[in-house]
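Each chain, letter by letter, is given below.
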Amino acid sequence: ALLPATTVDPVLALLKKAMEEDRLYLNDTRTLQIVSRHTGIAPKTISAILNQHLHKNFNEYINEYRVALFKEKILQEEAGQLTLTGIAYDCGFSSQATFQRVFKQLTGMSPSAYKRNAAQIRI
């Protein structure tokens, strides 16, 4: 059964705050439990709302924030001194393979291709 908007809207607002302000997606272990504890929302409720209303699972939701942060960091001047994997770890990914797969899934290109494109745009 679909949850009512009176339940969904506050939960989505809390999740957004937990991601954008508190940046809980940077935690690479057991993030669902951490977000649940932080927001006071049961993991089952978080998963159900993300599935029903955003049509994604919790990992996809988290990874979108991680990839967005990676894209932001790669454009910064000091990114030149860091490896792509190093930046990915800073963004909450715990494995290079997962990062590569997720990044390509969400952007349609590899992280290194994205970095090359970003460098050309900046010039």
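Colleague: Before we move on, could you go through the nonpolar core and cite the residues and values that matter?
Modeller: If you look at the biggest cluster of nonpolar residues, it comprises 31 residues, and the most contacted ones within it are Leu15, Met19, Val35, Ile46, Phe58 and Phe70. Looking at this core, the elements with two or more residues in it are helix H1 (5–20), helix H2 (31–39), helix H3 (43–54), helix H4 (58–74), helix H5 (84–90), helix H6 (96–107) and helix H7 (111–122). Take this core: its biggest share by element is eight residues, from H4. Each residue touching Met19, except ones within four places of it in the same chain, is listed here: Leu24, Tyr25, Val35, Tyr61, Ile62 and Tyr65.

Colleague: Which residues make up unusual backbone geometry, and what are the values?
Modeller: For Arg23, which is not a glycine, the phi torsion comes out positive at approximately 50 degrees. The residue Arg23 is located in the loop between H1 and H2 in this model. The exposure class assigned to Arg23 is partly exposed, which follows from its relative accessible area of 35%. Even without a glycine there, the phi angle at His55 is positive, about 55 degrees. Residue class for His55 comes out exposed when judged on its relative accessible area of 66%.

Colleague: Explain H1 to me, and be specific about the residues and the numbers.
Modeller: Between its terminal C-alpha atoms H1 stretches 22 Å, which fits the 22 Å expected from 16 residues at 1.5 Å a residue. Residues Val8, Val11, Leu15, Ala18 and Met19 constitute the buried set of H1. Mapping the buried residues of H1 onto a view down its axis gives an arc of 95 degrees, with all of them on the same face. If you follow the buried residues of H1, they end up packed against H2, H3 and H4.

Colleague: Before we move on, could you go through the layout of surface pockets and cite the residues and values that matter?
Modeller: The method is simple in principle: a probe with the dimensions of a water molecule rolls over the atoms, and the space it marks as empty is what remains. Of the volumes computed, that of the largest pocket is approximately 150 Å³. Along the walls of the largest pocket sit Asn57, Asn59, Glu60, Asn63, Glu64, Arg101, Val102, Gln105 and Leu106, which together make up its complete lining. Secondary-structure elements contributing two or more residues to the lining of the largest pocket are H4 and H6. The residue inventory of the lining of the largest pocket, partitioned by class, reads two nonpolar, four polar and three charged.

Parameters and conventions
Residues numbered from 1 in each chain as written. Predicted model: local features only at pLDDT ≥ 70, side-chain atom pairs only at ≥ 80, totals over all residues. Heavy atoms only, no water. Core = buried A, V, L, I, M, F, W, Y, C linked by side-chain atoms within 4.5 Å. Buried < 20%, exposed > 50% of the residue type's maximum accessible area, 1.4 Å probe, protein only. Helix = DSSP H or I, 4+ residues; strand = E, 2+ residues; numbered from the N terminus. Contact = heavy atoms within 4.5 Å. Expected span 1.5 Å × (residues − 1). Arc of directions from axis to C-beta. 1 Å grid on protein atoms, 1.4 Å probe; cavity = no way out; pocket = protein on both sides within 12 Å on 5 of 7 lines; lining within 4 Å. Points joined across faces, edges and corners; volume = space filled by probe spheres on them. Nonpolar A, V, L, I, M, F, W, Y, C, P; charged D, E, K, R; others polar.

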